[in-house]
Amino acid sequence: MAKKPWDGRFSQSTDKLVEKFSSSIDVDKELYNYDIDGSIAHLKMMAHQSMITDEEADVLARGLESVRQKIKDNALEFSDTLEDIHMHIESALGDEVGTVARKLHTGRSRNDQVALDVRMYLKAQTRDILDGLMALQRVLVEKAHENLDVVMPGYTHLQRAQPVLFAHHLMAYYEMFKRDYERFKDSLKRTDVMPLGSAALAGTTFPLNREYTRELLGFAKVSDNSMDSVSDRDFAMEFISHASICMVHLSRFSEELVLWSSSEFAFITISDAFTTGSSIMPQKKNPDVAELVRGKTGRVVGNLMAMITLMKSLPLAYNRDMQEDKEPLFDTVNTLKACVEIYARMLPNIKVNAPTMRDAAETGFLNATDLADYLVVRGMPFREAHSVSGKAVAFALGKEKELHELTLEDFKTFSQLIEGDIFDFLSTEQMVSRRVTHGGTGYENVKLAVEKARGQLNA
Ligand code: ARG
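The rules we used
Residues numbered from 1 in each chain as written. Predicted model: local features only at pLDDT ≥ 70, side-chain atom pairs only at ≥ 80, totals over all residues. Heavy atoms only, no water. Helix = DSSP H or I, 4+ residues; strand = E, 2+ residues; numbered from the N terminus. Contact = heavy atoms within 4.5 Å. Areas by Shrake-Rupley, 256 points an atom, 1.4 Å probe, with all protein chains shown as cover. Axes fitted to C-alpha atoms, helices over the stretch in contact; angles between N-to-C directions. Parallel < 35°, antiparallel > 145°, perpendicular 65-115°, else oblique. Left-handed = near helix turned anticlockwise from the far one by under 90°. Nonpolar A, V, L, I, M, F, W, Y, C, P; charged D, E, K, R; others polar. Polar contact = N/O pair within 3.5 Å; in protein donor to acceptor, adjacent residues only side chain to side chain. UniProt positions renumbered as here; feature names shortened; annotations may be inferred. Pairing = 2+ DSSP bridges. Near = heavy atom within 4 Å. Patch = residues over 30% accessible without salt bridge, like charges linked within 9 Å, V, L, I, M, F, W, Y side chains within 5 Å. Salt bridge = Lys/Arg side-chain N within 4 Å of Asp/Glu carboxyl O. Lys, Arg positive; Asp, Glu negative; His and termini not counted. Charge placed at Lys NZ, Arg CZ, Asp CG, Glu CD. Buried < 20%, exposed > 50% of the residue type's maximum accessible area, 1.4 Å probe, protein only.

1. Focus on the overall build of the chain
Of the regular secondary structure elements, the chain holds 19 helices and six strands. Each principal axis of the C-alpha atoms in the chain carries an extent, and together these give about 100 × 50 × 40 Å. Looking at the chain alone, contacts between residues at least 24 apart form 76% of all its contacts between residues at least 6 apart. Here the chain has roughly 22,500 Å² of accessible surface; of this, 53% comes from carbon and sulfur atoms.

Dropping the structure here:
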């Protein structure tokens, strides 16, 4: 059995149950590539600083590459005795190159090593997520571009409120994902900090050249406080916070897709390839992708709670509690990536039922605000106009008609200010066109917003 690196001080071997309990190899083996890259940079730096010879560095680097290959080929046996990926790799290196392997850990601790590995991992994953979010934004904007003239009801309280363009609704999600993108890009700066050389907590007596290691590993900067470096997990908390916000956006979109694809709304049809059936009810076609994304939001928000609670009240510097950071972090990365990816695939597979959307936009008095606006333009104070329009709605409801189905005589009983031009004024086309304030749903506005987004995404 492999010896523990701390054997010198211990007279008893570790209880088997403790080994099993404290082992993290099942989870942190995911970090093996980063761990090896970090070790190679460390030994190159040691050779550069004449702490080891160039020949030793060469032997160690080649040894680490064969360990990498072994892990890749599933040829390295993992065991709880060696606790984590760092000790497995060091022990496997010993098997490859003999006692010179014992020089690798000079001036280094697993505390700065694991901080380095997780940062390298998260840098790569954040970049993937940025690409995924960019692809999702592109798909959304193209969908908006294809549906620039489709009108739908806009809702508040899930009650029909005012007509909006479907493209405007989609572009609202574009704005959310754009902010998500910016958030991840921003937190990447704080992840891109190189902790190696902090050693256990206090720095080291060896003449490490941290700047050289930083350069080899392609980090933007070197961390400035060794105690902070080994105990900081802000970057992970921040990442999971941003992921939670992004998942909340996806969950809202999912909820709408679920509603819209129901027979009650029938605004959209999701293609067969992105829906599933029922094992008992032959007629069913279920929006499972949207439902699962909505459900997985709970996992990610749960991961955020786990991570934040894990770090709460921990004294400086490293504590073993922190080993628990990886599961919520890895799960968040995997879940978010999968959700963003499947959304970008699913959206082009959604058919928009424009006539149904328009019918919905033209029933339910979505033009009542505009009737009030009409009166205001003709001199009536808004509060009075609101009341007049409300009376007209009540009247129309009694007749089982929409406002635009009333006669001019009907309208005149509510206000003599109303003329024959009211009917055009209350048409859906005109209502949408008039929303010209910056950011409103006016046709021109939305077209410009879509064009601007397309330009930015393709730049
Ligand atoms: N597996 C540990 C972790 O993920 C590595 C650091 C262990 N350090 C220690 N002093 N036990 O946190």
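There's more to say after this.
2. Examining the packing of helix α6 (residues 110-146) against helix α7 (residues 166-191)
For the pair α6 and α7, the least separation of the axes is 9 Å and the interaxial angle reads 165°. Comparing the axis directions of α6 and α7 gives the class roughly antiparallel. Once α6 is placed against α7, the crossing between them reads as left-handed. Of the residues in the contact of α6 with α7, the class split is 18 nonpolar, three polar and eight charged.

3. Looking at the side chain of S109
When you line up the elements, S109 lands in the loop between α5 (85-97) and α6. One polar contact links the side chain of S109 to the main-chain amide nitrogen of N111, over a distance of 2.8 Å.

4. Overview of the UniProt feature "domain: Fumarate lyase N-terminal" (unreviewed entry) in the chain
Feature annotation in UniProt places "domain: Fumarate lyase N-terminal" (unreviewed entry) on residues 8-302, given in this structure's numbering. The straight-line gap between the two end C-alpha atoms of residues 8-302 is 41 Å; of that span, 61% is helix and 7% is strand.

5. Let's talk about the pairing of strand β2 (residues 159-165)
Sheet topology note: the strand β1 (residues 151-156)/β2 ladder contains six bridges and is antiparallel. Note that in β2 the partner of G154 across the bridge is Q162. Connecting the antiparallel pair β1 and β2 is a turn made up of two residues, with H157 showing a positive phi of about 55°.

6. Description of unusual backbone geometry
Put simply, L316 and A317 share a cis peptide bond, and its omega is 0°. Looking at where A317 falls in the secondary structure, it is placed in the loop between α11 (288-311) and α12 (326-346). Despite not being glycine, A199 shows a phi value in the positive range, around 55°. Secondary-structure assignment places A199 in the loop between β3 (193-194) and α8 (210-217).

7. Things to note about the packing of helix α10 (residues 234-260) against α11
Where α10 meets α11, the axes come as close as 8 Å, and the angle between the chain directions of the two elements is 160°. Our classification of the angle between α10 and α11 gives roughly antiparallel. Considering how the two elements wind past one another, α10 and α11 form a crossing that is left-handed. Looking at the contact of α10 with α11, its residues break down into 17 nonpolar, six polar and four charged.

8. Comments concerning the site of the ligand
Every residue close to the ligand is listed here: S24, D84, H86, R110, N111, V114, Y318, Q323 and K326. N111 is positioned with one of its side-chain polar atoms (N or O) 2.9 Å from a nitrogen atom of the ligand. Side-chain polar atom of Q323 to a nitrogen atom of the ligand: 2.9 Å apart, as the coordinates give it. Here the ligand, which alone exposes 340 Å², has 86% of that area covered by the protein. Considered class by class, the residues forming the shell around the ligand number two nonpolar, four polar and three charged.

9. Details of a negative patch on the surface
A contiguous patch of negative charge, built from D26, D321, E324 and E327, is present on the exposed surface. Among the structural elements, E324 can be located in the loop between α11 and α12.

10. Observations regarding the environment of A368
As for its position among the elements, A368 is in helix α14 (residues 368-377). A relative accessible area of 19% places A368 in the buried class. With residues near it in sequence (within four places) discarded, A368 still touches S389, V393 and L403.

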